[in-house]
Structure formats: structure tokens, C-alpha cells
There are 2 protein chains.
Amino acid sequence: MEQYSVFGKPLPRIDAWEKVTGEARYLDDIFMPGMLYGKVLRSPHAHARIVRIDTQKAEALRGVRAVITHRDTPGVKFSFFPVFADKLPLCRDKVRYIGDEVAAVAAETAAIAEQALSLIEVEYDLLPAVTDLEEAMKPGAPLVHEDKEKNIAFEGHKSFGDIKKGFADSDYIFEDRYVTSKVAHCCMETHGCIASFDRLGKLTVMMPSQAPHTVRQEIARILDIPRSKVRIVVPAVGGGFGQRLVTDMKVPAAAILSRIARRPVKIVNTREDEFCTARTRYPYIVELKTGVRKDGRILARQARVLIDNGAYNDKGPATLNYAGECFAVLYNVPHVRYDGYGVYTNKQFGTAFRGFGNVQVTFATESQLDEIAEKLGMGPEEIRLKNANKPNELMSCGATVTSCGLVECIRETMKKSGWDEKRKMKTDLGNGWYRGIGMATMVHTGAGGRFYGYAATDTFTKISEDGCITVISPAPEIGQGGKMVVAQITAEVLGVDPSRITVINNDTDIIPYDLGAWGSRTSFVCGNAAKAAAESVKEEIFGAAAKMLQTTPGKLCARDEKIFIDEDPSKAVSFEEAAVYAVSNLGYPLSGKGRYTDPLAPQVGIDKKYGHHLPTFTFACHVVEVEVDSGTGEVKVVKVTAAQDTGRTINRHMAEGQIEGSILQGLGYAISEECVEDGGRMMNPTFADYKIQTAVDAPPYDVILIETDDPDGPFGAKGIGEPALVPLPAAVGNAVYHATGVRFKKLPLNQERVYFSLKKEKG
Amino acid sequence: MEQYSVFGKPLPRIDAWEKVTGEARYLDDIFMPGMLYGKVLRSPHAHARIVRIDTQKAEALRGVRAVITHRDTPGVKFSFFPVFADKLPLCRDKVRYIGDEVAAVAAETAAIAEQALSLIEVEYDLLPAVTDLEEAMKPGAPLVHEDKEKNIAFEGHKSFGDIKKGFADSDYIFEDRYVTSKVAHCCMETHGCIASFDRLGKLTVMMPSQAPHTVRQEIARILDIPRSKVRIVVPAVGGGFGQRLVTDMKVPAAAILSRIARRPVKIVNTREDEFCTARTRYPYIVELKTGVRKDGRILARQARVLIDNGAYNDKGPATLNYAGECFAVLYNVPHVRYDGYGVYTNKQFGTAFRGFGNVQVTFATESQLDEIAEKLGMGPEEIRLKNANKPNELMSCGATVTSCGLVECIRETMKKSGWDEKRKMKTDLGNGWYRGIGMATMVHTGAGGRFYGYAATDTFTKISEDGCITVISPAPEIGQGGKMVVAQITAEVLGVDPSRITVINNDTDIIPYDLGAWGSRTSFVCGNAAKAAAESVKEEIFGAAAKMLQTTPGKLCARDEKIFIDEDPSKAVSFEEAAVYAVSNLGYPLSGKGRYTDPLAPQVGIDKKYGHHLPTFTFACHVVEVEVDSGTGEVKVVKVTAAQDTGRTINRHMAEGQIEGSILQGLGYAISEECVEDGGRMMNPTFADYKIQTAVDAPPYDVILIETDDPDGPFGAKGIGEPALVPLPAAVGNAVYHATGVRFKKLPLNQERVYFSLKKEKG
């Protein structure tokens, strides 16, 4: 008999039916009696002083119920990290990017609200805008925030070992500069909210969110009200990818409009709003210097990283730091130095995005590694295997890698992709077409972080009198399967079918405190808490079953909807019978509480050795095969072989889905997507002009799950939401290099760039 | 310093603001997008065969979305107790009372639905109806249910000691017959629901309920779907009084309409619907025989109790049994016999109502006791004190009384009312006015019952990262203060202000399994569970505070929003600081689970000695002063002195409110309220004709809380929701007798009855 009967199985998700039938209600499907429609007036200028705002005409328009400007806000500056607060919910003196929030309107219809916006008169005094990252760093550049001396928004520095010695001991030193692009999350559902203040001053916000408690904190801070006066309720969510970790400024605007109008106010982004204002992946410039020995061992790595922060801080400081952590862990480099700078520009700003800074830096490190290998006469796979992380290894940065399947990931992708043969094949296909194969690896957190001591959460589980189970878990469901992870783990512990389980996970007034779905932490943190809660209620139902079977709970097993004596499975009661017996005959309800805490978290402060900040690591290796048309610049991805260390797989379907989704999103990042900007204005804010990779573009995938059995994960599982995106751009770049001999150090490898580069390099 | 800082204090309710501002949303305030309006077609006949139902014209009416008859139901017969199932959700062959559900309609507006009802053609074949309880018992009476041999719906018999010996040993035997009336609950809010089936077959019902899990079970049974497919969500509730323990047949009708129309369906009773069909208090006939010794000791009590059950079973069997339990406990009578019969009639049926059968029987026993005392030459107080229950006494029926303040209740009401003097005063005031004073006592459960092993519940409590507290408790809030009870107990344990607490209590998908607000069990059962949950989370926050104060948790106290070292209160942290520290510095969320189980409940079966069925008892004595106008028959209640054994009072304001409300409702029952019926038709279904006692009718109250510190209650508390109604009718009758010398054995003592009785007796 297999060890597990539910865990690991490719079962259909418990929330699948509501998705495929259309029963799931997304924010835009929700209407409340008396609901008003809100719209936000945004700055048309990248940088300007606000001389005057006159809202009288807008207020006088029939059907308008509230018009607000900065005068209606508490004027509290805000950022995701309070220490970096720099944004007002509505601009007071200045606008800092095209799209900055200036005023907002609530009206009986969306059309009236739109018309009212056009009646608001704003007089601007234009200021010189700075829209280039490196220009912004120059002395004398226009200041985005005048209360700061320069446009450096934040810095982050890390240093381990002795970087000078590292380079001195190296046989070769490589220095390269990599540039990544600004891309959008492109969630199927745009941002939106329905904010509703009640007469007692309690604000309920319905919004798609992947971190409702965090959002609660932020909204409370922006509105200057207690957190307990804010309730976040999350309807079905059409994708997150990091974009829904933070509070869009529409939310406080809707809240204030609701407070004034005494009605619920809905604001939903159009797709154009979304592209232009809903935040992006941060563009990076990575100046990378690496020292290696002749035998391929990496001795020293140094990076100077510049982040185009846009007009305001958001998750920038964290992406900068996090990228630095992974930078030091991959290949356990003994001597590391990492210097990062976030730079203000008069542009739309960035936020968290699947891969979280690590993607950008990994594009640099894994692209350069191929160049190093070539110089040393090694294969790309050879240098990676040489340096690969091993299980249970202490890193130079202080982190301990526990489970680790990097070597297996590399070996399996090689095997499944036919790496050895394909690397040797002729790359010139004739007719201007070239074929190539490339690989890249990565390390990423498999369980969020230990920052703020928040590597913890609670879960409540109850079994009803008919044996149906409710899990009150903070695991967000953003399409990634958070509910099913909780259900499947609970079902494994209790030996039942997951369809027996309802997961309540969408209301801050109810769910236990938790930081939400980021850092691929849900499966690990919420999964562990759900497992503990299930184990606690299992003790209770085993107590009842033991009475029914005249045995002791210790002798019982639960599996396939039955509770039975392990030594004699014919002595069994059904799960349902045991539940009914407990409630009706023994007179007690069935419920449990479970908790996950990271035993090391309390000892970790922001000042300590940073490696401790990640409870566990996950690894991956991707092999990408491409065909490149030098005539058109087209990069055609013909196959992706992706191996990922999943700890143990919770649900094969969902794991493969996450990996395939990451690959497709990563391919878009690598070869087609880009927010094209001109003077701070996005020029392609539609899916006609912004080219995502769709289902029809998807190449054949070969997804390999490397099960390493994490010692701390629930049943050995680790997070897998983000990692598979991380190595993709470098793997594509390496494959294109293999095909064409042309190295791309700037993303994306879109047709235009590839065409002109090949033309230049190859004539 | 007082023992408690929050418990017992007359603090404002945490839900007071939402009530007084109108923020609280009752069912009728709730509108859902696409919601339809439902109406029920009811039988105009007390008893008839259904020959034909034609719904075609109704279906053809523009705006009608669904019309249903019995053909659209699963045809499962139903009763609150499945063993007594006798009612179809929509009648098939016969209608059995004026108001019986025949068909239902859902339409775009209520007016269209109403019009559609008039288009449904029902052909009836009239049957002889039986509308008198005693007529119904006669051989040859028309059968209400033809599948039964007679109109006896159920029986209940109890026997303790040796009733023959009891009477043989008695010096005097008294035999009397008492008749109580049919009265309505008269909740401020009428019954209603919004039922909504989703595409996955899950039914959500929004409805005012005092027992959402019970209702879930019933609806699942009627619709023949799993319980897990039913979710009950309870909005603000405008009064319960027992009427909202069970499922009104509107709910399955609305559910089926919703399933067909694929839209939410709202059905709300008009006041006339409510009076005619929403169930009432059961009218009783009590034939009472009591044997006493010369010295006043009651030796034997025998009752034959007939309940006018109406057309269908509901809570009848339970009210019959429960009344028998109290009958044997009050005064610990050694020899008891109790024979009860529920009798079908072609009339609106009854259900649970504050006092639950005990009121009717207590009217008999406490009226007769005054007659016995008079015969023996004793004062009413003297015979009661002689026989009064004492604490920690084993009853002849097998029950153990733990806390008991009956003697104190009698003595305190005597003192506060000036009993001794007033009993001696001249009763004839001249001008046809008479003055009198009377008393009555009672025993009632203080904690629900142990039936079905359900004297148990769970509670989850979490403290958020800012120190605000959520209690997930099944304690229903029906206006009685269920939320505040939970909040105040939690606040006492954690040493915080109750305003810090949110209680989540209204959704069966979320709250732990629980039987709801009946039998005055909420404070005791849910209160104990809330206390346990609070104690569990207190351990956690004390862990954090101990670290902050560099001490051990055992040395800490919580009070006044502070956690401090007991021996040196200057060493303190605020509750909020400790919460923030736990989450942010120690890295763990704060939560607890609490459970109350009754250790004796599992040993109690329906066959065991019945006294064990009540976990604790509460006692009361009321003294009523009246002035009676023989010229008009008016009974003017000039003062009520009410002493109630509350265990320990949780909140004096709320306790007094419950007692005052009970008194006013009991006064209505005693002197003015009555559902006047003619041939099974209610003749006074409006507040113009059905005379409740309103605020302007309220006499001066003197409410005395006798705090007996129950050994098993939370902080010593017992339930107080129902008991104060129980002795009222007898106390009024005894006062009127004292005033006029005329004994009333039939309720109500309304003007007509009093006028004619006085005229007959006194000329």
C-alpha cells in the first residue's frame, strides 16, 4: 500500500467546479444595493506641481455623490514598508508619474463618474521629468521627491567571505552588464474593490487580494483608523502573481468616497488603467563580476544592482534584498558582495512579481555562467554540476540548505531533453534558421521568509455532526490552488476525500492572522498549520472511533473514508459514523487548532545573517530548445524541459500547472513582453500591443518533479509557485546563444532586438 | 479590589451601536442582485382534500419565474424530531389547517407574486374539521392524519416514587383543572428568508434563526440533500423566543423556488401571515391532583396534561416532556405521576416558546398551591418556603439540584414588595376596585438540556496582530445579548475591554457545531466554551508578556487592558503591546480553542432517569400587585417584584432586561393576549386586535438578582432568558384572587373574562 492515499495524488481541485461553471463570483460580478461607481482622476504629466484643483463643476453634476482630493485624506504618507513611506493616497503638491492619483469621484453610474472626472479642473505647473534610471542617479537630476537629497530611494548591501581575496584567488574574472525590462502581471482580472464604510466607522473592503491581513494593515495606516475597523473580504481572485500583495491607491480612494457618500463604492480598473497604473516588475540593471578557478569553481561574485523604482517605493527594498539573498546561496559562492540601489524615476512604479527580484539577477548570473563555461572549455551542465548546491549544506552566507535536488534537476533535464546529443547537433538549419539548446538553474525560497518573525500561522478545523469538515485557514486562493493544498493535506491526515472539506479563507474578521500568499509560502506555512489542525481533530475523532471499535486511539488508522484498526482493517467504522457518534453519543463537537511556527524565526532579526531569513530553499533547472529565424528575429521556443525540486509534491496536477504557468509567463518575459515607455508614458497598454504568451504560443513542456522530502514541510512539501519562472529568461538567452552565437544581455529577446542584433553581429 | 473587572458589570453591549444607529441589517433590509419575491398559497380551509391544483395561469403571468406544488418537493415528511415526522413542505392530498402550505410562487415583484397566487386554481373537497382538543380525543372524531388511528399525536409519561402511597399518606387531596390559551411570539421581526441555490447545488439561506445548525439539519432533511450542501447565514434577528428554533415551511419553499428559478428568492411574512401561520405557544389543559400533609408538605403530585398540538407535530413532544421534568423538580415532590397527551386538531400548530411547556403547568401548580395554602390556613409564602428546593439536593426524580436560590428569592421578594403588610391590607378599594398581592415560584433549566448528548460546544478565539480579538462562537444573537455574553466572559479572562472583541456567530460554514439558543443554554454552554477558549489564548499572550517582563506566565495577571506581575502591578505591559510583541518579535500568532462538554451528558440516554437531562436549574419567585376594576374587568398590574437565581450575573443590565422583558411578555399572556379562533381561523391577526403589553403598559418592576454562584457555569453564571416568564400568570392569578376572592383557572385574565366572572361570582 502506498504511504499516502490523498497527498501527492493528482486530484481535481475542490474549487474547480465553481470555476468551470461560472459560479465563482469575481469582484466585478458583485453588486451591492446602493452601490456607487468610482473613478480616479490621474495625472497626465510625469512630473508637475499642482497649482489648483477645482472640483465644483464635478460636484454639481447630477448623479455625483462624492468628489475627493487630498483634502479629504488624512494626508498620511504610505508605503508597504512604513519606513519607506513616500506616497499620499491623493497627490497634494506634486504629481510624480503619468497616472498618479489626483482626485476621485463616486457617482450613480460609471458613465457619470467618468464625465465628472472631465469636469475636475487641475492646473499643473510642469516640471522636468526624469524617466531614465541612470540619468536619475546623476548629480543635478530633477528630484522626484524634493524632501530627499537625491533620487536614491533605498540601498541594500550584503557581504560574505572576503570579496577581495575571492577575486585574488580566481584564475579568471568576468564582468558583464545585464538589463531587464519592465513587464506587467497581466492578471486575467484587473484590480478593483468595493469599499463600504458603515455608520459605526467600520470599513469593509471586498477586493481580490493575496494578502488580506497585510492589506488591512496598510489601509488602516493610510486612513489613520485602527486595524480592527477594517475588514477585508476576498471574492474569487483572477490571478495574483505578487501584484495583489499590496494596496492599490484605489482602495483608500473608494473607502473615503464611501465614507462621504455613505454608500458602497466600487472601483474597477479598465485594462488600460491596469497596464498604466497597477504596478509592474522592477526593471534591473545588474553589473556582475565573477571570479572562477580554472576548474570551474566559482570563488567570488559581486553585483551592483540598480532598480528602476519608479515614482514611489513599494516592494522595491524587499526585491532588492531578496535577490541578494538568492545571489549568495546559488552555488554556495564563498566570497560575495552585493550592492543594490533603488532609484526614483518619474514613472509608474513596481511591486512584487513572481520571482521577486531573483529573476532579474538570475538572468545575469545564469547568462554569464554560460560565458564562463565556454571560456573554460566546459559544458554549461558541467560548470553547474561542479558548483551545484548539495543537501544539508551550510552556505557561506550563514543559511543552511536542507532538502536540495539541484543536481537531480540538472541531471534529469539533461536526460529528458536529450541534452548531450542536442548540444552537439548542427545549429544552422539553413534558410536563416538556427536551432539551439540552453539551460539555467536557480534557487528560490520554498517557504516565504522569516522577516518580521512572521513565518507562522494558525488554522482552525471543525468536523460537523454529519462528518463534513471546515478548515478556517488563511491560505489565500488566487488561482494557484491554496484551498486545495489545505484540503488535500487535511484529507490525507483524516483519511477522507477532499470533497468533504470546505475551506474558509477569505475574511480578515475570521481567518487567523497571516501574511498571505507570497514567497511561495502558502503550501509550507499554511500547509503545516492545516496539517497540525487536522492532526489535532484527528485525535478527537479517533477517540470516538476507538470507543466504537473497543480499542485505543493509538491502534487506529484513517484512510479511504474509514477509520480502522491498523492490525485488522476489517474492524472499521466510516469517518461519517465516527463523527455522528462523537457528537450524538459522546456529546462533544469535533474541532482542532493547528499552528506552524518556524523555530528559528524568533532568533532572526533584520540585522542577523540574512541566510536564516529563508526557512527552506527550492531548486530548479530548465532546459529550453529554440529555433531562431534570423530573417525575422523570431525566437520560437520548441520545447521546455523543466525539473523542479518540490520537496514532496502535494498534487501533481497543480504542481505541473504552476510550473507550466511559470514557464509561459517566463517565456513572455524572455521573448515578447515589455512595457514600452516614452517620457514616462506607457505606449502599449493593450493586449493588442503588449504581447503575452497565450495558450496557443505554449511550447511542449516536459515537467519533472524532483521529490526531495523537505524535513520541515508538510509531508515534506515545499512551495512551488514562483521558482519555475526564475531560470527561464537565462535559459532562453543561453539557447539563443547556442543557436546563433549571439549573446543577449538585455530583455526581452523580442523580434526587433533579435533581428537587429543578429544583423549587426552576423551581418 | 473586586474579584472581577468586567464580568458582572452593567456594561453597554458591543452590538448596541449597530442597533441604535440602524446599521444592523435585518432580513428585510437585505437585497441581492436578481432576487425574486416569493409568496405562499395557503389553505383557506381547516380540513379538506385537494382534488386538483392547476398552476398554468399563474405560470403564464408575466414576471413569474417559478410556481411550485408538492410535485416539486422530494415529498419527505418532516418534523423537528424525525420520529414524529408528519408534515410535507407543500400539501399533497389534504390540507389540515387554515394556512397550510399548498403552493408557492417566485416573481420579479411581490405584487406579481401575489397576483400569481390568485391565479392558482385549487379544487378542494371539504372535510369535517376538528378544532377542539377534547372533541378531537373522542372516538369517531375526524382524523387529522388518516394514517393514524386516532388524533393522539404523542404521549409522555413520567412516574417517580409511589403515587398511590403518596396520596394515601396525604391529609388532603386537591383536584383542579386549568386551561391555558394560545398566544403568539410577536417578534418585532416577522419570519422570512432569502434562499439561494448555486449552480453546484449548494443552498445558502439567510434567515433570522436562533439555532442555525438545527435549521441546517432540518432543511437538508426536507430537501433530501446533504447537510454540507446547506449553509445558514443569520442577519440581525428581531426577537426569537423559541419561534426561530425550527424551520418554517417557507424556507424549503423558497429554496425550491430558487433552485428552479436559479435566482435568490426572498419570502417574508406579513404580520397577518405571522399571526396565522408562524406557530404559537401550545394551549394546555392541566388536570392537577395534589396530596399534602396537614403541615403543608407536598407528598404527591399527579397531572394529566393535554396539549392542543394543532395540525402537525413540532416541538410538542419536547414541551410535554420538559414540563413534566420541571413538574417533578419544583418542591422535590417525593411521589409524582405525569401523563401527557398531544392531540391533533385542524388548527395552526405550536412550537417552542419562552418557558416551553413549563409556563402552562406552573400556572396550574402555583395557582393550586395558593388554594392548598388557604385550605391549610397557611400563607402562600409559608407553604412555598416549607417545600422550597435547597442547594445540592437530590430530587426524587433523580436530578441533582446544585446551585439553588429559591428560598432567597421568596424571602427577597417578600421583603422588597412589603409582602407581609400588603397581604394584610384591605383589598376592597371602593368604587368596584379591588387590590391584591400574589406570588408564584418556578424552577427552570439554567443550561439547556442533555438530550442527544449535545450539552457541548466549541469556540475559537484569535488575537490579531494589533490586539483586537475575534471570537468564533456559536452563541446566537437574537436580541438577548448572546454576543455580549461571549464578549464579556472573554474580556474578563483576558483583562480587556469588551469593545476590543468581535464575535462571529452567524454562519454554519464557520461557527462550531452547536444546538443554538434554547433552554436558556447560551450563557452556560457557549459561555463556558468561550471562557475555555479565552483561557487558552491567555496562556499564549501571557507567554509573550512574561518574556517582555522577564518573568514567568504563572506570575501574571490581566486586567484593565494590562498584563502585569501580580505581586508588583507597576511591572506591566499593555495587552496590545503584548499582542504586537508575540506576533512581531516571537513570531507566533495568538489563538485558542475552547470547549464545553457536560461530563454527565454522555451517560444520559433518553431512557435514563430524566432529571439528569438538565445540567443545572434556575429558580425564581415573583410577587405581583394588582388592582382589579370589577366595573370593567380590568386587571391593572401596579407592581412586579421579581427575584431570580442567576447563578452569577454576567451583565446586570442585560439580566434585568431579560427579566423585565419576560415579565412584560408574561403579563400579556396572563391578562391580555390570546389567539381567538373560530372554526380553526384566527380572528384577531393584527396588533389592533391582539393585545400585547407594550412599553406604556409596563408596571414598575423591582428586579432582584440572587447570585448563587453555580459550580458549573462560566464564572458561576446560569441561563436567565426564559425563567422570569414562568411564574407570572400564576402570580397574577393569585393576586387577583387575593384582590377579589375569585379564582381564575383559565388564561388569559382579560377584561371580558374577569368582568363576567366577577359578575357571576360576586354579583
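Everything numeric in this text was worked out from a predicted model, so none of it was measured. (Residues numbered from 1 in each chain as written. Chains lettered and ligands numbered in written order. Predicted model: local features only at pLDDT ≥ 70, side-chain atom pairs only at ≥ 80, totals over all residues.)

What should I look at first to understand the overall build of chain A in this one?
If you tally the helices and strands in chain A, you get 19 helices and 31 strands. Scaling as 2.2 N^0.38, a compact globule of 763 residues should have a C-alpha radius of gyration of about 27 Å, and chain A matches this with 27 Å. In terms of its C-alpha atoms, chain A occupies a principal-axis envelope of roughly 80 × 75 × 50 Å. Out of the 763 residues in chain A, the part that is buried amounts to 63%. (Helix = DSSP H or I, 4+ residues; strand = E, 2+ residues; numbered from the N terminus. Rg over C-alpha atoms; globule rule 2.2 N^0.38 Å. Buried ≥ 20, exposed ≤ 12 C-beta atoms within 10 Å, placed from the backbone.)

What exactly am I supposed to notice about the interface of chain B and chain A here?
Interfaces are often sized by the accessible area lost when the parts come together. Residue-level contacts link 47 residues of chain B with 47 residues of chain A. Here the residues of the side of chain B that touches chain A are counted per class, giving 22 nonpolar, 12 polar and 13 charged. (Contact = placed C-beta atoms within 7 Å. Nonpolar A, V, L, I, M, F, W, Y, C, P; charged D, E, K, R; others polar.)

How should the relation of the copies chain B and chain A be read in this particular structure?
Mapping between the two copies of the chain is achieved by a rotation about an axis and a shift along the axis. At an RMSD of 0.0 Å, chain B and chain A line up after a rotation of 180 degrees and a shift of 0.0 Å along the axis. Here the two chains are linked by the operation of a two-fold rotation axis. Looking at the rotation axis and the C-alpha trace of chain B, the residue lying nearest is Lys 593 of chain B, at 3.2 Å. Comparing interface residues between copies, 100% of those in chain B also lie at the interface in chain A; the contact surface is shared. (Least-squares fit on C-alpha atoms with pLDDT ≥ 70 in both.)

I would appreciate a short explanation of the sheet that holds strand β21 (residues 469-472) of chain A in the present structure.
Each strand in a sheet pairs with its neighbour through backbone hydrogen bonds, running either in the same direction (parallel) or in the opposite one (antiparallel). Residue and element names in this part refer to chain A. Strands sit in the order β22-β21-β20-β26 across an open sheet of 4 strands; the sheet is mixed. Two strands close off the open sheet at either side, each with one partner strand: β22 (501-504) and β26 (590-597). Strand-to-strand, the axes of this sheet are offset by a mean angle of 20 degrees, without reference to chain direction. In the sheet, strand β20 (residues 456-463) pairs with β26 via 8 bridges, with the strands oriented antiparallel. The residue bridging Asp 458 from the neighbouring strand is Arg 595, located in β26. Where helix α15 (residues 522-548) meets the sheet, it contacts β20, β21 and β26, and its direction lies at approximately 145 degrees from that of β26. (Pairing = 2+ DSSP bridges. Axes fitted to C-alpha atoms, helices over the stretch in contact; angles between N-to-C directions.)

What's the story with the pairing of strand β1 (residues 36-42) of chain B in this structure? I'm lost.
Remember that side chains alternate between the two faces of the sheet whenever the strand is regular. Residues and elements named next belong to chain B. Buried residues dominate β1, accounting for 7 of its 7 residues. A two-sided burial pattern is seen for β1, the buried positions comprising Leu 36, Gly 38, Val 40 and Arg 42 on one face and Tyr 37, Lys 39 and Leu 41 on the other. Pairing of β1 with strand β12 (residues 265-268) involves 2 bridges; the strand directions are parallel. By the bridge assignment for β12, Tyr 37 is matched with Lys 266. The pairing of β1 with strand β5 (residues 101-107) spans 6 bridges and is antiparallel. Across the sheet, residue Lys 39 finds its bridge partner in β5, namely Val 105.

Can you walk me through helix α6 (residues 212-223) of chain B in this structure?
Residues and elements named next belong to chain B. The terminal C-alpha atoms of α6 lie 16 Å apart, and with 12 residues this matches the ideal 16 Å at 1.5 Å per residue to within 8%. A large share of α6 lies buried, amounting to 11 of its 12 residues. Residues of α6 that are buried: Pro 212, His 213, Thr 214, Val 215, Arg 216, Gln 217, Glu 218, Ile 219, Arg 221, Ile 222 and Leu 223. Elements in contact with the buried residues of α6: β10 (203-206), β11 (230-233) and α7 (250-261). (Expected span 1.5 Å × (residues − 1).)

What am I meant to see in the domain arrangement of chain A here?
Residues and elements named next belong to chain A. When cut into domains, chain A gives domain 1 (16-24 + 456-597), domain 2 (31-127 + 186-277) and domain 3 (284-449 + 606-762). Between domain 1 and domain 2, the residue contacts involve 15 residues of the former and 18 residues of the latter. Looking at the side of domain 1 that touches domain 2 residue by residue, the class counts come to 7 nonpolar, 4 polar and 4 charged. (Domains from an automatic or database assignment.)

Before we go on, may I ask you to explain the packing of helix α17 (residues 652-672) of chain A against helix α18 (residues 728-740) of chain A in this structure?
The description of two helices packed together rests on the angle between their axes and the distance between the axes. All names here are of chain A. In contact at an axis separation of 8 Å, α17 and α18 are set at 55 degrees when each is read in the N-to-C sense. It follows that α17 is oblique to α18 by the angle criterion. Along this stretch, α17 crosses α18, giving a crossing that reads as right-handed. Judged by residue contacts, Ile 663, Gly 666, Leu 667, Tyr 669, Ala 670 and Ile 671 of α17 engage Leu 728, Pro 729 and Val 732 from α18. When grouped by side-chain class, the residues that make up the contact of α17 with α18 number 8 nonpolar, 1 polar and no charged. (Parallel < 35°, antiparallel > 145°, perpendicular 65-115°, else oblique. Left-handed = near helix turned anticlockwise from the far one by under 90°.)

What's the story with unusual backbone geometry in this structure? I'm lost.
A negative phi angle is the norm for most residues apart from glycine, just as the trans form is the norm for most peptide bonds. Cis peptide bonds are those with omega within 30 degrees of zero, and the linkage from Leu 747 of chain A to Pro 748 of chain A qualifies with -5 degrees. In the Ramachandran plot, Asp 224 of chain B falls in the positive-phi region, its phi being about 60 degrees despite a non-glycine side chain. Along the chain, Asp 224 of chain B falls in the loop between α6 and β11. In this model, Arg 279 of chain B sits at a positive phi of 75 degrees, which is unusual for a non-glycine residue. Within the secondary structure layout, Arg 279 of chain B lies in the loop between α8 (271-277) and β13 (284-292).

Honestly, the environment of Ala 24 of chain B in this entry has me stumped. Any pointers?
Along the chain, the position of Ala 24 of chain B falls in the loop between α1 (16-20) and β1. Not counting chain neighbours up to four residues away, the residues in contact with Ala 24 of chain B comprise Glu 18, Lys 19 and Ala 236 of chain B.

Can you help me understand the packing of helix α9 (residues 316-329) of chain B against helix α10 (residues 358-376) of chain B in this one?
Residues and elements named next belong to chain B. At a closest axis distance of 8 Å, the pairing of α9 and α10 adopts a crossing angle of 40 degrees. Taken together, the axes of α9 and α10 lie oblique to each other. α9 and α10 meet at a crossing whose hand is right-handed. From α9, Tyr 322, Ala 323, Cys 326 and Phe 327 reach across to α10, where they touch Asn 358, Gln 360, Val 361 and Thr 365. A breakdown of the residues in the contact of α9 with α10 according to their chemical character gives 5 nonpolar, 3 polar and no charged.

Looking at this model, I keep getting lost on the sheet that holds strand β4 (residues 94-95) of chain A. Mind explaining?
Residue and element names in this part refer to chain A. Spatially, the 3 strands line up as an open sheet ordered β4-β2-β6, and their pairing is antiparallel. The open sheet terminates on both sides in strands that have one partner only, identified here as β4 and β6 (121-126). Strand direction decides the pairing type here: strand β2 (residues 48-54) and β4, joined by 2 bridges, are antiparallel. Of the residues in β4, the one forming a bridge with Ala 48 is Val 95.

So what exactly am I meant to see when it comes to the nonpolar core here?
If you look at soluble globular proteins, the nonpolar side chains tend to sit buried side by side. Val 732 of chain A together with Ile 541, Ile 563 and Val 732 of chain B are the most contacted members of the largest nonpolar core, which has 499 residues in total. Counting residues per element, this core draws most heavily on helix α15 (residues 522-549) of chain B, at 14 residues. When sequence neighbours within four positions are dropped, the list of residues in contact with Ile 563 of chain B reads Gly 495, Ile 541, Phe 542, Ala 545, Leu 556, Ala 558, Ala 572, Val 573, Phe 575 and Ala 578 of chain B. (Core = buried A, V, L, I, M, F, W, Y, C linked by C-beta atoms within 7 Å.)

Even after reading the chapter, I still don't get the environment of Leu 306 of chain B, so can you show me in this structure?
With respect to the secondary-structure elements, Leu 306 of chain B resides in strand β14 (residues 298-310). Excluding residues that lie within four positions of it along the chain, Leu 306 of chain B makes contacts with Leu 133, Tyr 284, Ile 285, Tyr 341 and Val 343 of chain B.

What's the story with the pairing of β5 of chain B in this structure? I'm lost.
Residues and elements named next belong to chain B. By the criterion of burial, β5 is predominantly enclosed, with 7 of the 7 residues buried. The sheet contact formed by strand β3 (residues 64-68) and β5 spans 4 bridges and is antiparallel. Among the inter-strand pairings, Val 67 is bridged to a residue of β5, identified as Val 105.

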